[in-house]
Amino acid sequence: MVQHFDIAIIGAGPGGYSTALRAAQLGKRVALIERDTTLGGTCLNRGCIPSKALITATHTIDTVRRAAQLGVNASVNGIDFGRLRDYREHIVDTMTKGLAGLIAHRAITVYRGEAVALRTLNVQNDDSSPQSARPMHEVTITACPVTRFIKADVPEPLDNTVTVTAPDIVVATGSRPRPLPHIAFQGALIDSTQALTIDEFPASAVIIGSGAIALEFASMWATAGTDVTLLIRKDRVLSGWDRRASITLTRELKRHGIKIVTHSHVTRIDTGVNLGATVHYTCDGVDGEQTVWGELALAAIGRDPITDLPWFAQAGIRLDASGMVVTDPYGRTNVPGIWAVGDITEGPALAHRAFEQGITVAESIADIKSKPVDDTTVPQVVFSSPEAASVGLTLDQAQLRDDLVNVSETVYPMLGNARMLMSGSAGSLSIVSGEYAAMPDTPVVLGVHIVSPLASDLIAEAEQLVGNHVPLHEAARLVHPHPTFSETLGEALLKADGRPLHTR
């Protein structure tokens, strides 16, 4: 069975489905190929959405525990893990069904099955038009059987093998959790996907890693009463971020009861049935090996691109040394007519970046002039307690740029904000500003780095300032409502502009 389309997309995560939605808007006939039973990829099914549902629930515990300080008599009497699981699954189910409905509304055909082959066809065509001169690609899909969805909730069983052809193929196969070197996931040593499926929070846990996934689980489990030990390789979490923000978050995580072991290197992990996990590690400057035990050990040291499928090599798609697909700024690979988006491309592995990549690719295929994604304007967020968010350049990064001059950093004292003081949390906010050498005497906002409650929402305004290269003086004139957390950014901008209001 052969089906013909304008665009075929392999993978229905954020990068894949955003490409499909935009391409369909532009009048393209789109096929979306997904091996999972639901659309949305890791983000909707096993990552962003279920984890944030759990984090939202555990934030309630934090609020209740602090209630006594505010004169409210309340207590946490336990967690109904069955209802918590149902809540998480309800959120995921609502989101994935909503996506499936939107996909169907845009007349996108979905194939449920495994893409097992991708090859370029030799097409002979006498038509001399530019469109006809483009190569045709063929994707082979297998399942028992392959299921087609034209309407969201109406499956159509097809053959066990289906062939889809299109002049443009978008590869969006995503990523998988990275194991520790020479230590496989097994027993009580789990990855983030498994961590989201456990029915109860562990009594104790060892978390290995210092990035967003590690810190979100550390915060969530610690809030729920888990005894958490965090093993990190550097002297602070988020070591690649702005130094002030990462130091502040490290301090706040410790204040929330998380034991952080710095400069540590895992050597081996002993696991067994009902034995938990004993993690062996060394520390820089400390003689001998040390151990820490947890009911579970979570390895969250990053994710690897899913580019080791045989058809990547068979199609001739070029990869870099890390297994990432090599693309130009618009998502084109070295094979004409084959594009790549999402976690398999170099850059921040974030759903919102993949959304924008998908839009860019769809518009490029439709010959619409589009701007490539600028990774310096992609916000990064950690939904820890407190939250951390960052966009743009750090001070060190800006100082290394030859096209920037008069770079400076402005630090705002967060506890000078009334809402921050009410929250009971500490935090930090710094603004990096400077001038482009080609535009002297016009300082602009180059980066904003926040640790605070609601940092995930505050960073959206900062992204607009950084992404649009807004002059610092104009940014500082924007009015922020009082009293709000957003005032922290407004006050920091005023200070950076040399006219502080409620700070020195």
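Residues numbered from 1 in each chain as written. Predicted model: local features only at pLDDT ≥ 70, side-chain atom pairs only at ≥ 80, totals over all residues. Heavy atoms only, no water.

Draft legend 1. Seen up close, the overall build of the protein chain. Check the secondary structure of the protein chain and you find 14 helices and 24 strands. Here the protein chain has a C-alpha radius of gyration of 25 Å; the compact-globule value for 504 residues is 23 Å, and the two agree. With respect to the three principal axes, the spread of C-alpha positions in the protein chain is 75 × 65 × 50 Å. With 504 residues in all, the protein chain has 50% of them scored as buried. For the protein chain, the share of sequence-separated contacts (at least 6 apart) that also reach a separation of at least 24 residues comes to 63%. Working note: accessible area of the protein chain is about 23400 Å², and carbon and sulfur atoms make up 52% of it. (Helix = DSSP H or I, 4+ residues; strand = E, 2+ residues; numbered from the N terminus. Rg over C-alpha atoms; globule rule 2.2 N^0.38 Å. Buried < 20%, exposed > 50% of the residue type's maximum accessible area, 1.4 Å probe, protein only. Contact = heavy atoms within 4.5 Å. Areas by Shrake-Rupley, 256 points an atom, 1.4 Å probe, with all protein chains shown as cover.)

Draft legend 2. Spotlight on helix H7 (residues 243-255). Taking 1.5 Å per residue as the helical rise, H7 with its 13 residues ought to reach 18 Å, and the 18 Å between its terminal C-alpha atoms agrees with that figure. Ala-245, Ser-246, Thr-248, Leu-249, Thr-250, Glu-252 and Leu-253 are the residues of H7 that are buried. Next to the buried residues of H7 lie helix H6 (212-223), strand E13 (259-261), strand E21 (387-392), strand E23 (428-436) and strand E24 (444-452). Here H7 starts with a cap whose side-chain oxygen sits 3.3 Å from the backbone nitrogen of Arg-244, and that cap is Asp-242. Taken from the residues just after H7, Gly-257 is the one with a positive phi, measuring 95°. (Expected span 1.5 Å × (residues − 1). Polar contact = N/O pair within 3.5 Å; in protein donor to acceptor, adjacent residues only side chain to side chain.)

Draft legend 3. Seen up close, the sheet that holds strand E12 (residues 227-231). The five strands are arranged E10-E17-E11-E12-E13 in an open sheet whose pairing can be described as parallel. Edge positions in the sheet fall to strand E10 (189-190) and E13, since each of these pairs with one other strand and no more. When E12 meets E13, the two strands line up parallel, connected through three bridges. Across the sheet, Leu-230 pairs through a bridge with Ile-260, a residue of E13. (Pairing = 2+ DSSP bridges.)

Draft legend 4. Expanded view of the UniProt feature "binding site: FAD" (unreviewed entry) in the protein chain. UniProt marks Lys-52, Thr-173, Gly-174, Ser-175 and Asp-343 with the feature "binding site: FAD" (unreviewed entry), using the numbering shown here. An extended arrangement is adopted by the annotated residues: their sequence extent is 292 residues, and the largest C-alpha distance between any two is 22.7 Å. Within the secondary structure, Thr-173 sits in the loop between strand E8 (168-171) and strand E9 (175-177). A relative accessible area of 18% places Thr-173 in the buried class. Leave out the neighbours within four places in its chain, and Thr-173 touches Ile-10, Ile-306, Leu-309, Trp-311, Phe-312 and Ile-344. Polar side-chain contacts of Thr-173 include one of 2.7 Å to the backbone oxygen of Ile-306. Summarising the element assignment, Asp-343 is placed in the loop between strand E19 (338-340) and helix H9 (351-365). Filtering out sequence-adjacent residues up to four positions away, Asp-343 remains in contact with Gly-174, Ser-175, Arg-303, Pro-305, Met-324, Ala-349 and Leu-350. Polar side-chain contacts of Asp-343 include one of 2.7 Å to the side chain of Ser-175. (UniProt positions renumbered as here; feature names shortened; annotations may be inferred.)

Draft legend 5. Highlighting the pattern of salt bridges. Under the counting rule described, the total for this entry stands at 22 salt bridges. When the shortest N-O distance is used, the salt bridge between Glu-289 and Arg-268 registers 3.1 Å. Of this pair, Glu-289 sits in the loop between strand E15 (276-283) and strand E16 (290-294) while Arg-268 is found in strand E14 (residues 264-272), placing the two residues 21 residues apart along the sequence. The partner of Asp-328 in a salt bridge is Arg-332, with the nearest N and O atoms 3.0 Å apart. Classification of Arg-332 by relative accessible area gives partly exposed; the value is 37%. Several salt bridges converge on common partners, so that one network encompasses Asp-235, Arg-236 and Arg-243. (Salt bridge = Lys/Arg side-chain N within 4 Å of Asp/Glu carboxyl O.)

Draft legend 6. Quick look at the sheet that holds E23. Ordered by their spatial adjacency, five strands build an open sheet running E20-E21-E24-E23-E22, and the pairing between neighbours is antiparallel. Only two strands of the sheet have a single partner each, and these edge strands are strand E20 (380-382) and strand E22 (404-412). Going across the sheet, the axis of each strand differs from the next one's by a mean of 10°, ignoring polarity. Relative to E24, E23 is paired through seven bridges, and the arrangement is antiparallel. When the bridges of E24 are listed, Gly-434 appears paired with Val-444. Of the strands in this sheet, E21, E22, E23 and E24 touch H7, which is tilted by about 5° from E24. The strands touched by helix H14 (residues 487-496) are E22, E23 and E24; relative to E22, the strand with the most contacts, the crossing angle is about 135°. (Axes fitted to C-alpha atoms, helices over the stretch in contact; angles between N-to-C directions.)

Draft legend 7. Spatial organisation of the nonpolar core. If you look at the biggest cluster of nonpolar residues, it comprises 51 residues, and the most contacted ones within it are Ile-207, Trp-221 and Leu-230. The element best represented in this core is H6, accounting for seven residues. If you look at the next biggest cluster of nonpolar residues, it comprises 28 residues, including Ala-8, Ala-166, Val-171 and Val-325. (Core = buried A, V, L, I, M, F, W, Y, C linked by side-chain atoms within 4.5 Å.)

Draft legend 8. Local environment of the domain arrangement of the protein chain. Assigned domains within the protein chain: domain 1 (3-39 + 108-174 + 306-366), domain 2 (178-301) and domain 3 (386-497). A straight line from the C-alpha centre of domain 1 to that of domain 2 covers 36 Å. (Domains from an automatic or database assignment.)

Draft legend 9. Just the side chain of Thr-58, in detail. Note that Thr-58 resides in helix H3 (residues 48-66). Residue Thr-58 is classed as buried on the basis of its relative accessible area, which comes to 2%. Ignoring anything within four residues of it in the chain, the contact list for Thr-58 reads Phe-201, Met-220, Thr-223 and Ala-224.

Draft legend 10. Summary view of unusual backbone geometry. Residues Cys-144 and Pro-145 are joined by a peptide bond in cis, for which omega reads -10°. Residue placement: Pro-145 occurs in strand E5 (residues 136-151). Pro-483 follows His-482 through a cis peptide bond whose omega is -5°. Residue placement: Pro-483 occurs in the loop between helix H13 (472-476) and H14. Phi is positive for His-182, close to 65°, though the residue is something other than glycine.

Draft legend 11. Fine view of the pairing of strand E3 (residues 30-34). E3 sits mainly inside the fold: five of its five residues count as buried. Of the two faces of E3, the one holding Val-30, Leu-32 and Glu-34 and the one holding Ala-31 and Ile-33 are both buried throughout. Direction of pairing for strand E2 (residues 7-10) relative to E3: parallel, over a ladder of four bridges. Residue pairing for E3: Ala-8 is matched across the bridge by Ala-31. Handedness of the E2-helix H1 (residues 14-25)-E3 crossover: right-handed. With four bridges connecting them, E3 and strand E4 (residues 109-121) associate as parallel partners. Considered in E4, the bridge of Ile-33 is made with Tyr-111. (Right-handed = clockwise from strand over helix to strand, strands pointing away.)

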